[in-house]
Every structure is written in structure tokens, then in C-alpha cells.
Amino acid sequence: MANDHPDQAISLAQALLAPRIVIEDTQPVLDAGSFAAKAVSGQPVAVSTKAYSDGHDRLAVMLNWRQAHSRRWHCVPMQSAGNDLWQAEFTPTELGPHRFSIEAWIDPFATYCHDLEKKYHAGVEVKLELEEGRLMLGKGIELCSGALREALEAVQSRLATLSTDDQVAVFLDPTTARLMGEAEHRSYLTRSPDFPLDVDRPAALFASWYELFPRSITDDPQRHGTFNDVHERLPMIRDMGFDVLYFPPIHPIGMQHRKGRNNALKAEPGDPGSPYAIGSPEGGHEAIHPQLGSRDDFRRLVAAAAEHGLEIALDFAIQCSQDHPWLKEHPGWFSWRPDGTIRYAENPPKKYQDIVNVDFYAPEAVPSLWLALRDVVVGWVEEGVKTFRVDNPHTKPLPFWQWLIANVRSQHPDVIFLAEAFTKPAMMARLGKVGYAQSYTYFTWRNHKQELREYFEQLNQPPWSQCYRPNFFVNTPDINPFFLHTSGRAGFLIRAALATMGSGLWGMYSGFELCEGTPLPGKEEYLDSEKYEIRPRDFTQPGNIIAEIAQLNRIRRQNRALQTHLGVAFFNCWNDNILYFAKRTPERDNYILVAVSLDPHNAQEAHFELPLWELGLDDNAETQGEDLMNGHRWSWYGKTQWMRIEPWHLPFGIWRIEKAR
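Treat the numbers as computed from the prediction; the structure is a model and nothing was measured. (Residues numbered from 1 in each chain as written. Predicted model: local features only at pLDDT ≥ 70, side-chain atom pairs only at ≥ 80, totals over all residues. Heavy atoms only, no water.)

Q: Teacher, can you tell me more about the environment of Leu593 here?
A: Of note, Leu593 is situated in strand 23 (residues 591–597). Residue classification places Leu593 among the buried positions, given a relative accessible area of 0%. On a C-alpha basis, the gap between Leu593 and Met501 in space is 9.5 Å, while along the polypeptide they are 92 residues apart. In contact with Leu593, other than residues within four places in its own chain, are Tyr580, Phe581, Ala582, Leu610, Pro611, Trp636, Gly653, Ile654, Trp655 and Ile657. (Helix = DSSP H or I, 4+ residues; strand = E, 2+ residues; numbered from the N terminus. Buried < 20%, exposed > 50% of the residue type's maximum accessible area, 1.4 Å probe, protein only. Contact = heavy atoms within 4.5 Å.)

Quick look at the structure:
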């Protein structure tokens, strides 16, 4: 019969040298190892693989791992989970790139023990099998020396004086198997490729972000706020439970085509302009806007924030005002039009007349522009900034990001990059693959039960779970979600609960705690946007949700299950207006149930199921519940329960469930 796939044919010589053991479907692996899967220092990395061979011989499978710059491999035996699946885990403690691989070999002694045990328990005569075992033991002794040889010789001596039953016990003893595993030749040893793993610090997986404009920390819209003014806000931001304080660009702002209030094309005298129009005669991306303060003021703020448990994050926006020094110093970094003008940025129908973009592949920009941008980031890292929110990274070359992030982290492995990317799913995932530790998400536009469930579940499945850490920002200076326009205080609490419980990473832009949502009519934009004016606020005004946000963040810190977007499961709740799900640790020792009404205006009721089977309980078991918002405790009896959620009180419930004691 003709070969339908001649490209799969191999010669006899190739067949004789080909591996006898198959290693495949290894996880966590991205694109066959082209990119590194993500991990966090101090947290276990679960590795699985399919390993099998012909016949019925038993296999031994080993997980090997190391830091990329180290030659020393650590080895962890993998355990069979049935159906050729093998599992193990390891816990990296250092940051940066790592490697892991799988080794498998035929284990003659394990095969022998498996057959011996079956025959012995079946009452079959095993005299000949015991003789075979002694011969295998002798071969093992010949292959080793030192302490291992002495230990095996001691086993050999013991066998000479034992009964048949006791000899069987010695051969089946796990200690004997371990000694023989160290001594035996690894028959038909097969090794997988090395797979990459990128290890971040825990803040890449679990953090609460608070965004503010330093210039708005003032009591007078005519007085520009400063870094020194921000010191006054630090205690309240800390007390709300945030650990990352993020600033939009803090650089000098250009004058040419400066935007006025509400994105007006013409600025009036005194209008501060958009901080995203970076660059003026005072400097560019490496400089500080003079009205914010000095570099020493910035350093003092970074230090003061750290004393409050806060980390300063900066915006890295690769765009320039037409006053940016680079336009004069490096005109070859930009694309000029035939009439000598430069094209401003556009995202139709939006126009950004106050900014222009660099050309990454202009002849004069390679590699000088790339190196200059890298130096900008490193310069701020040296000022104590270890987290960067990157503006629109999907509009810049992927090879640039892959190089820059790896280069910066080779010097400073604790640096974290957040991608502000709202684009097609493939690009969002790819940004994670090339090095971004976190990303903005579609969460902002997921409002209904089914779409929220589908999105949460998607983020928990490969490849997303291996390359993408979602940061659930509830709002941004650019995005005033439609849901918040008319939903009132309850709507803000709904979105806060979904974000804080749905992911280990979440963020909010200043004013969310005051339930600010007045839009430009018909648009997901803020009226009187802070991007174009100074916006003083009274953070004690009635109706705020500061206490609720603080409690949500406290609950997150106290429950490991909530410190990641992983571990989510949805269960039956017979009301399409209530999203009901669990967040739990793999060990099930921290089990959180969350019920959020998606209706900010009306009370909602529903019967729902407790997932007793996940706790190893029957359908009539007793469990203990605790309301984590108010500390109330009770007992539940049975699987089916009932809830009523009244949004004028609290539009969600967060319960910790445990077995009855």
C-alpha cells in the first residue's frame, strides 16, 4: 500500500535510534516552548506530562528544573496519576528565567516489583521471582559504589536469612526501590526539550492598584498639585488596602496643540493639558513636570509611599508632544510628511493632535531609539520605580517589547510591566507571552451573567492561564463604563466586588470610591475629564464606598484563594441576575463563595447549591458559613440553600465555607 505521508517515513537507522518512550503534552508550556509560561516566586509550579512506552514495563519519570543562568538541576520524581499522566510540582524561590524538562526511562526493578506483588497476592509460587530479584539486586550492586553500594549489600545480606514472605516485603519496601532507582542504568532514557518559565515576584499575581493624578491633589483647581501634596493621601490609600499607587505620566507637557478642557482642540490660558503629550523644553521622558516638584521631591514621595506599604507605579507612554526634545535632537526617529510636517496620532474617530509617534524601524532609529527607550525605563527603576503601566503596547512592535522587557529584567528581575491593551484576543495573549506580567482586560465590558462566567472560565484555561494575568480595572481616566452611568452607589459596589473577587489583580481610578460616573452624553468618557483639567475632590463626601473597598481588600489579604484569578468554579444559582461562583485553593483549605447581584436597582432572590461534593461531603451534610463583610457566622444544612440580595444594603455576599467541626 502506498505511503500517504511520505514525509513521515524514516530509515531503519533512524528508527533504531528513535526514542522508545513518548513524552508529550507537557504543561505549562506555551507554543511548544517558544515563550515562557508564568510563575511566581515562593508558589508551587504544577507540571504534568504524558509519558508512555510500548509493552507493560513500568516507567520512571523525573521533573528537572533550574534557574536559566545556573548549571545545577534540581530533580523531583513525578507521580503517576493514571492513564499515562504524570504530575509533580516544584517551588522556585528566585526571580527571572528558569528552565524545566522531563526525563523518562524504563524501570526494570519497578516492573519486577509490580509483577511480584500481583503474583504474591494471587497466591502464585514466587520462588523463581525471588531468585530473579536477587540477581537484579546483584547487578545493581555492580553498578554503584560508596554508601549506595553498602546500603544495597546490606539488603542483599538480609535476604539470605529471611522467609519467603519477608523477602517479598524487602523487595517491595519503598526504600529498596529508591536504592535500586539510584543504582540502575536508566534503560531507554528519553529527555524532553528544556521548556522556559518566567518567575515574577508575588505582586505580579496579587496586588491592588489605585490611580491618581498628582496635579489634582489640591484644594484649588487654580493651584497645581505637587508630589509633596500626595503625601497627605498616602494614609487613606493605604487604609483602603491598596499597595500600588499609579501615576499617569509625570513628565513635562507640550504646548503645541495642547488640548483644552473636555478634549477641546484649543487650550485656554492656564489649561494644564494632557499629561500624555509628553515633552517640552524642560525635558522628555526622563524629566519631571516642573509644577509637580523636583526629582528630590519625587524620591521623598517614593520613600514615604514605601513606609506606608505602597509601591509607586509610573506610566510608560511612548509618544511625544511636538515640543519633545527628541524631535530636534533625533528627527530621524520620526516619520515626516512631504510638506515637512509630522503626522499626529489618530485612532479614528479619535484624533490626538497634541502627540506624535516614533517610528521604531526608521533607519536612524535602529537601534538608537530602542536603546534610548530602554534607558528611560532603567533610569526610573534606579529611582525606585519597579512597576510600569505601559500605554497602548499593542501599537508598538512585539520584538521591541520582547527585547526591552527581557533586557530590563536581566538587570532588575523584580520589575513588573502592565499592558494597557484593549485589542484583539490574540494580541493581548501575545503581549503576555513576550513578557508582560499583567494586562488590562475585557472585564470592563462584561456585565451579564453568562458573559462574565465565560470570561472568568476562559482566563482559567490554557493558554490564557499560562501567559496572561488579568488586572480587573473597574474604570480608568479613559473609560467610564456605561454600567456606572446610571447604576448609582450599588453599581459601583457590584463592579468592585466582581473585580476584587474575580482576580488577584484589580485597580480603580481615583473618584470611583466617590461613585463618580457623570459621562459625556452617549460616550464611555467622563464629563470634565481629569485628563485635561485639575480636579480637586472631597474624599469624605457622603455616599462614598471607601469602607466597603477597604473591607474587600482586607478579605483578599486574609484569603489565599482570592489572591489569584485562578481557582474559580461556577455552581447552580437559579436566577440569571445573580452571578454565583467559588474561589478555592487547590487543597480546598480556603474556600470562598461569592454571590453578586448584577441588578443595582431591585432585590433578587434565588435558590443555590453549596458545592458539598468538593469538600468530600454528602448532600445532607452540615457546613459552617461566615459572612466576610460583617463577620456573621451560621450553619448550613444540606446542599440547596436560598438567598436574597438587596442592593440598597449590599449587592453581594462573600462567604467562607468550612466543614462542620
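Past the structure itself, the notes keep going.
Q: Would you mind showing me how to read the environment of Glu129 here?
A: Within the secondary structure layout, Glu129 lies in helix 3 (residues 127–142). Look at Glu129 and you get buried, because its relative accessible area is 13%. When the C-alpha positions of Glu129 and Ile318 are compared, they lie 73 Å apart, and in sequence the two are 189 residues distant. Every residue in contact with Glu129, bar those within four places of it in the chain, is listed here: Tyr112, Leu116 and Lys119. At 2.8 Å, the side chain of Glu129 forms a polar contact with the side chain of Lys119. (Polar contact = N/O pair within 3.5 Å; in protein donor to acceptor, adjacent residues only side chain to side chain.)

Q: Looking at this model, I keep getting lost on the nonpolar core. Mind explaining?
A: Generally speaking, nonpolar side chains in soluble globular proteins are found buried as a group. Ranked by size, the top nonpolar core spans 109 residues in total, and within it Phe247, Phe298, Phe388, Trp401 and Phe417 carry the most contacts. Counting residues per element, this core draws most heavily on helix 11 (residues 368–381), which supplies 9 residues. Leaving out residues up to four positions away in the same chain, Phe247 has contacts with Leu212, Pro214, Phe227, Val230, Leu301, Ile312, Ala313, Leu314 and Asp315. By size, the runner-up hydrophobic cluster in this structure holds 22 residues, among which are Ile21, Ala104, Ile106 and Phe195. (Core = buried A, V, L, I, M, F, W, Y, C linked by side-chain atoms within 4.5 Å.)

Q: Looking at this structure, I do not really get the environment of Pro214. What am I missing?
A: Note that Pro214 resides in the loop between strand 11 (207–211) and helix 7 (227–230). Note on Pro214: relative accessible area 5%, which makes it buried. Between the C-alpha atom of Pro214 and that of Glu182, which follows or precedes it by 32 residues, the distance is 62 Å. When residues no more than four places from it in sequence are discounted, the contact partners of Pro214 are Gly225, Thr226, Phe227, Val230, Phe247 and Leu292.

Q: I keep staring at the sheet that holds strand 11 and nothing clicks. Help me out?
A: The strands making up a sheet associate through backbone hydrogen bonding, with each pair oriented either parallel or antiparallel. The strand order across the open sheet formed by 8 strands is 18-17-16-13-12-11-20-19, and the pairing between neighbours is parallel. Where the open sheet ends on each side, the last strands, each with one partner, are strand 18 (438–439) and strand 19 (471–473). The sheet contact formed by strand 11 and strand 12 (residues 244–247) spans 3 bridges and is parallel. In the sheet register, Glu211 faces strand 12, and the bridge partner there is Tyr246. (Pairing = 2+ DSSP bridges.)

Q: Just checking my understanding: could you explain the pattern of salt bridges for this structure?
A: Pairing between side chains becomes possible if they bear opposite charge and their charged atoms approach one another. Under the defined criterion, the tally for this structure stands at 44 salt bridges. In this structure, Glu457 engages Arg453 in a salt bridge whose closest nitrogen and oxygen atoms are separated by 3.1 Å. Of this pair, Glu457 and Arg453 both sit in helix 14 (residues 449–459), separated by 4 residues, roughly a single helical turn. With its nearest N and O atoms 3.2 Å apart, the salt bridge here joins Glu658 to Arg661. Within the structure, one salt-bridge network assembled from shared partners comprises Glu103, Arg186, Arg191 and Asp194. (Salt bridge = Lys/Arg side-chain N within 4 Å of Asp/Glu carboxyl O.)

Q: Which parts of the structure should I look at to understand a nonpolar patch on the surface?
A: Together, Leu12, Leu16 and Leu17 give the surface a local cluster of nonpolar side chains, amounting to about 410 Å² of exposed area. Owing to a relative accessible area of 67%, Leu16 belongs among the exposed residues under this scheme. (Patch = residues over 30% accessible without salt bridge, like charges linked within 9 Å, V, L, I, M, F, W, Y side chains within 5 Å. Areas by Shrake-Rupley, 256 points an atom, 1.4 Å probe, with all protein chains shown as cover.)

Q: Help me understand the UniProt feature "site: Transition state stabilizer" (unreviewed entry) in the protein, please; the structure alone is not making it clear to me.
A: The UniProt record marks Asp478 with the feature "site: Transition state stabilizer" (unreviewed entry), using the residue numbering of this structure. On the secondary structure map, Asp478 appears in the loop between strand 19 and helix 16 (482–486). Judged by its relative accessible area of 28%, Asp478 falls in the partly exposed class. Excluding anything up to four places from it in sequence, Asp478 contacts Glu524, Glu525 and Lys531. (UniProt positions renumbered as here; feature names shortened; annotations may be inferred.)

Q: Would you mind showing me how to read the packing of aromatic side chains here?
A: Enumeration according to the criterion identifies 43 aromatic pairs in this entry. Here the aromatic rings of Trp370 and Trp403 are separated by 6.2 Å at their centres, their planes lie at 50 degrees, and the arrangement is tilted. With Trp370 in helix 11 and Trp403 in helix 12 (residues 398–411), the pair connects residues that are 33 residues apart, well separated along the chain. Relative accessible area serves as the criterion here: at 13%, Trp370 is assigned to the buried category. Summarising the aromatic geometry, the rings of Phe608 and Trp655 are spaced 5.7 Å apart at their centres and angled 25 degrees between planes, so their arrangement reads as stacked. Residue Phe608 is located in strand 24 (residues 604–609), and its partner Trp655 is located in strand 28 (residues 652–659); the two are separated by 47 residues in the primary sequence. (Phe/Tyr/Trp six-rings, centres within 6.5 Å; stacked < 30°, edge-to-face > 60°.)

Q: Just checking my understanding: could you explain the UniProt feature "binding site: alpha-maltose 1-phosphate" (unreviewed entry) in the protein for this structure?
A: According to UniProt, the "binding site: alpha-maltose 1-phosphate" (unreviewed entry) feature falls on Lys259, Gln319, Asp354, Asn392, Lys531 and Tyr532. With respect to the element layout, Gln319 can be found in the loop between strand 13 (311–316) and helix 10 (325–329). Looking at Gln319, the relative accessible area reads 5%, which means it is buried. Excluding residues that lie within four positions of it along the chain, Gln319 makes contacts with Tyr276, Ile278, His285, Ile355, Val356, Asn357 and Asp391. At 3.3 Å, the side chain of Gln319 and the backbone oxygen of Tyr276 are in polar contact. With respect to the helices, strands and loops of the structure, Asn392 is situated in the loop between strand 16 (387–391) and helix 12. We classify Asn392 as partly exposed; its relative accessible area is 28%.

Q: Any chance you could explain the pairing of strand 28 here in plain terms?
A: On a regular strand, one side chain projects to one face of the sheet and the next to the other, so that they alternate. The pairing of strand 23 with strand 28 spans 5 bridges and is classified as antiparallel. When the sheet's bridge partners are listed, Leu593 is paired in strand 28 with Trp655. Taken together, the 5 bridges between strand 25 (residues 622–627) and strand 28 define a ladder with antiparallel strand orientation. Paired with Glu626 across the two strands is Arg656, which belongs to strand 28.

Q: What is the right way to read the sheet that holds strand 1 (residues 22–27) from this model?
A: Across the sheet, 4 strands lie side by side as 1-3-7-6; this open sheet has antiparallel pairing. Edge positions in the sheet fall to strand 1 and strand 6 (79–82), since each has one partner strand and no second. Along the sheet, successive strands turn relative to each other by an average axial angle of 30 degrees, direction set aside. The pairing of strand 6 with strand 7 (residues 85–90) spans 3 bridges and is classified as antiparallel. Each bridged residue has a counterpart across the sheet, and for Gln79 the counterpart in strand 7 is Gln87. (Axes fitted to C-alpha atoms, helices over the stretch in contact; angles between N-to-C directions.)

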